[in-house]
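Fold and contact review
So you can see what is in the structure, the chains are spelled out below.
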Amino acid sequence: MDAAEVVVIGGGVMGTSIAFHLAEAGVGVLLLERGALGSGSTCKAAGGVRAQFSDEVNIRLGARSLEAFARFGTRPGQEIDLRRVGYLFLLSRPEDVAAFERSVALQNALGVPSRMLTVAEARRLSPLVAPDGLLAAAYSPDDGHCTPESVVLGYAAGARRHGARIRTRCEVLGVDVDGGRVTGVRTAAGRVAAAAVVCAAGAWSAAVGAMAGVDLPVEPLRRQIAVTGPMPDLPRPVPMTIDFTTSFYFHGEGAGLLLGMSDPDERPGFALGYSDAWLPRLTAAIGARAPRLLDARLTGGWAGLYEVTPDHNALIGEAPGVSRFLYATGFSGHGFLQGPAVGEVVRDLYLGREPPVDVTPLDAARLAGDRLRPETARV
């Protein structure tokens, strides 16, 4: 029978980061992924990285992760094509301007160099933007985007160097609990004895939690991305530009652009097929906010899954009724960018140390009471 100190379930950015940080600390780790590394949501992400949030915990996790992304070439050691072109939120409703002003003040107090901009300043940063209806913008130059696949590869290689084992195409079928304590997991390849399990299964976390009798209220929700062909006349660099009212966003991708937007008609589920049904709404948003992009030729796209919680905020902690069942999931669209810091946090929760960011407010138990903690600066 196989054995490990800790079994990490999920091989996306969250699972590989957790495995790397645990293994670096000398913990014996086995990471299990039912497909290929990053094949869930991570490698379908837009790759944005930022610290512009409304929730203090998210600001701290985002800022700490930005520092780690900046050093990624050294630790764990991988080129991730980090482009710190900034995040630019375009605001067209008075209530959003007021909310972002409060958020910017909090971000500044925590060391994030974000600031409010006039419409004219926003257009200088992102010349494709049409000003009609805009009132203001929020911007931080430290934000940007990088390559999710490379981040996963870097963490996985680093984890292996520190002794972690990674097993792909190995589905977890059950989590064994005896007397309120984790004793192991059952997989398609056999049982693994382990005194601790970390659920980092993203959109599939509710099912993993149920295996251990732990309620992780995470729902899958399809989000789609499109990419354009080369745009040689595009002013560069292109910040991650977000029309906050519609959620339409774009950033540079190779010689063209990557485009995305939420679809209010999308219902929870594991649908992963790319559909053209969202394109009329995307086209309308482009026409209103960046009409020059209507001439761009779409050359492809893909679909991925958000892992959504009722308050659109993450679940991080240890289950009170099942000792040594830890979880990091439900990031509702900002998991990739928080992966580095969350890896550190889960490492310290497992080791009984004080983590670099206090994630107590993100415990899953909050959703069973009246302690919802909504994150409003979401895309």
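Above this text is the structure in question.
All values derive from a computational prediction rather than experimental measurement.

Right, let's talk about the overall build of the protein for a bit. Helix and strand counts for the protein stand at eight helices and 18 strands. For 379 residues, the compact-globule estimate of 2.2 N^0.38 gives 21 Å, and the protein sits close to it at 20 Å. Dimensions along the principal axes, computed over C-alpha positions, put the protein at roughly 65 × 40 × 40 Å. Buried positions account for 55% of the 379 residues belonging to the protein. Long-range contacts, defined here as pairs at least 24 residues apart, represent 73% of the contacts in the protein between residues at least 6 apart. Averaging the positions of the 37 positive and the 40 negative side-chain charges in the protein gives two centres separated by 3 Å.

Below, the discussion takes up the side chain of Ser 332. Here Ser 332 lies in the loop between β18 (325–329) and α8 (335–351). Among residues more than four places away in sequence, those in contact with Ser 332 are Tyr 306, Glu 307, Val 308, Thr 309, His 312 and Asn 313.

Helix length check: helix α1 (residues 13–24) (twelve residues) gives 16 Å between terminal C-alpha atoms against 16 Å at 1.5 Å per residue, within 8%. Among the twelve residues that make up α1, eleven are buried, leaving the element largely enclosed by the rest of the structure. Buried within α1 are the following residues: Val 13, Met 14, Gly 15, Thr 16, Ser 17, Ile 18, Ala 19, Phe 20, His 21, Leu 22 and Ala 23. On the buried face of α1, the contacting elements are β1 (2–9), β2 (29–32), α5 (148–161), β11 (190–199), β18 and α8. In the stretch just after α1, Gly 26 is the one whose phi turns positive, near 90°.

Another aspect to go through is the layout of surface pockets. Each pocket or cavity is described by its volume, and for the second largest pocket that value is around 530 Å³. Lining of the second largest pocket is provided by 26 residues; of these, Arg 223, Ser 262, His 312, Arg 378 and Val 379 occupy positions nearest its centre. Of all the secondary-structure elements, those providing two or more residues to the lining of the second largest pocket are β12 (219–228) and β16 (298–308). It is β12 that provides the largest number of residues to the lining of the second largest pocket, a total of five residues. Tallied by class, residues from the lining of the second largest pocket come to ten nonpolar, seven polar and nine charged.

Our next topic: the packing of aromatic side chains. Applying the stated criterion to the full structure yields eleven aromatic pairs. Relative to Phe 336, the ring of Phe 69 has its centre 5.7 Å away and its plane inclined at 35°; by these criteria the two rings are tilted. Separated by 267 residues along the polypeptide, Phe 69 in helix α2 (residues 56–70) and Phe 336 in helix α8 bring together distant segments of the chain. Through a chain of ring-to-ring contacts, the aromatic side chains of Phe 20, Phe 69, Phe 72, Tyr 155 and Phe 336 assemble into a single cluster.

A few words on the pattern of salt bridges. The full count for this structure, using the stated rule, is 18 salt bridges. Between Asp 2 and Arg 165 there is a salt bridge, with its nearest N and O atoms 3.1 Å apart. Pair noted here: Asp 2 is in strand β1 and Arg 165 is in strand β8 (residues 165–167), with a separation of 163 residues, a long-range link. Residue classification places Asp 2 among the partly exposed positions, given a relative accessible area of 21%. A salt bridge links Arg 75 to Glu 24, with the shortest nitrogen-to-oxygen separation between them at 2.7 Å. With Arg 75 in the loop between α2 and β4 (87–91) and Glu 24 in helix α1, this pair connects stretches of sequence that are 51 residues apart. For Arg 75, a relative accessible area of 30% puts it in the partly exposed group.

Turning to the sheet that holds strand β13 (residues 240–243), a few remarks are in order. Taken in spatial order, the eight strands line up as β5-β6-β4-β13-β14-β15-β12-β16 in an open sheet, and their pairing is mixed. The two strands at the open ends of the sheet, each matched to only one other strand, are β5 (115–117) and β16. Shown here is a sheet whose adjacent strand axes are inclined to one another by a mean of 20°, direction ignored. Strand direction decides the pairing type here: β13 and strand β14 (residues 248–253), joined by three bridges, are antiparallel. Across the sheet, Thr 241 pairs through a bridge with Phe 250, a residue of β14. With respect to the sheet, helix α3 (residues 94–109) is in contact with β4, β5 and β6 (136–140), its orientation differing from that of β5 by roughly 150°. Helix α7 (residues 279–289) rests against β4, β13, β14, β15 (256–261) and β16 of the sheet, and its axis sits at about 115° to β15.

On the secondary structure map, Ile 316 appears in strand β17 (residues 315–318). A relative accessible area of 1% means that Ile 316 is categorised as buried. Along the backbone, Ile 316 and Ser 65 are 251 residues apart, and their C-alpha atoms lie at a distance of 16 Å. What Ile 316 contacts, discounting residues up to four positions off in sequence, is Leu 61, Tyr 327, Ala 328, Phe 331, Val 342, Val 345, Val 346, Leu 349, Val 359, Leu 362 and Asp 363.

Rules used in this analysis
- Residues numbered from 1 in each chain as written.
- Predicted model: local features only at pLDDT ≥ 70, side-chain atom pairs only at ≥ 80, totals over all residues.
- Heavy atoms only, no water.
- Helix = DSSP H or I, 4+ residues; strand = E, 2+ residues; numbered from the N terminus.
- Rg over C-alpha atoms; globule rule 2.2 N^0.38 Å.
- Buried < 20%, exposed > 50% of the residue type's maximum accessible area, 1.4 Å probe, protein only.
- Contact = heavy atoms within 4.5 Å.
- Lys, Arg positive; Asp, Glu negative; His and termini not counted.
- Charge placed at Lys NZ, Arg CZ, Asp CG, Glu CD.
- Expected span 1.5 Å × (residues − 1).
- 1 Å grid on protein atoms, 1.4 Å probe; cavity = no way out; pocket = protein on both sides within 12 Å on 5 of 7 lines; lining within 4 Å.
- Points joined across faces, edges and corners; volume = space filled by probe spheres on them.
- Nonpolar A, V, L, I, M, F, W, Y, C, P; charged D, E, K, R; others polar.
- Phe/Tyr/Trp six-rings, centres within 6.5 Å; stacked < 30°, edge-to-face > 60°.
- Salt bridge = Lys/Arg side-chain N within 4 Å of Asp/Glu carboxyl O.
- Pairing = 2+ DSSP bridges.
- Axes fitted to C-alpha atoms, helices over the stretch in contact; angles between N-to-C directions.

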